[in-house]
Amino acid sequence: MSDELEQADACWDCEVTIGQPCLDDCDVAPCLVTGLQRFSCMEDHDHGQYVFTGWRPMARECREFGWLIDVPTVGPMGDYNRFGLAIVRGEVQWDRAAQRWVKEATKRGML
Ligand SMILES: [Zn+2]
Ligand SMILES: [Zn+2]
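Source: prediction; values computed, not measured. (Residues numbered from 1 in each chain as written. Chains lettered and ligands numbered in written order. Predicted model: local features only at pLDDT ≥ 70, side-chain atom pairs only at ≥ 80, totals over all residues.)

Asker: How would you summarise the overall build of the protein chain if you had to cite specific residues and measurements?
Answerer: Across its full length, the protein chain carries three helices and four strands. Moving toward the C terminus, one meets the helices and strands of the protein chain in the order α-β-β-α-β-β-α. Whereas a compact globule of 111 residues would reach a radius of gyration of roughly 13 Å, the protein chain reaches 14 Å, a difference of no more than 12%. Taken over the C-alpha atoms alone, the protein chain extends approximately 40 × 30 × 25 Å along its principal axes. In the protein chain, which comprises 111 residues, the proportion classed as buried is 19%. Expressed as a percentage of contacts within the protein chain between residues at least 6 apart in sequence, the contacts between residues at least 24 apart total 38%. (Helix = DSSP H or I, 4+ residues; strand = E, 2+ residues; numbered from the N terminus. Rg over C-alpha atoms; globule rule 2.2 N^0.38 Å. Buried ≥ 20, exposed ≤ 12 C-beta atoms within 10 Å, placed from the backbone. Contact = placed C-beta atoms within 7 Å.)

Pasting the structure below:
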C-alpha cells in the first residue's frame, strides 16, 4: 500500500495533524459542499472548513471500493480516473453529513 492509502499523522500537503483544520491553500482538503478538491472549487459558496482526519479524501474511498491501480515502485494507488467516471455516471455521491463519498446503491440500501 502506498502512503496515500494509509492513515497519516499529518496532512500530505499542509501538514496539519489529525483534528486540525487544513490550511486554505491545501490541495488535499475537499470542498465540503461538492466533495471535490477545495483548492480548485470555483463555486461561489462557503466551501466549509475541512478538518484533517488522517485519511486522504477519495483515496480512502478508492481503497474501500477496490478502485486501485498498481504503480511500479510505489504500489497500489487510488484509481482517480475510475473515480471521476463514477462521479460522472452518478455511481458515487458526496455525503455532506458524513463528509465522504458513498456508492449510490449503498446509500439507497440504508434508507
Ligand atoms: Zn491539508
Ligand atoms: Zn466549494
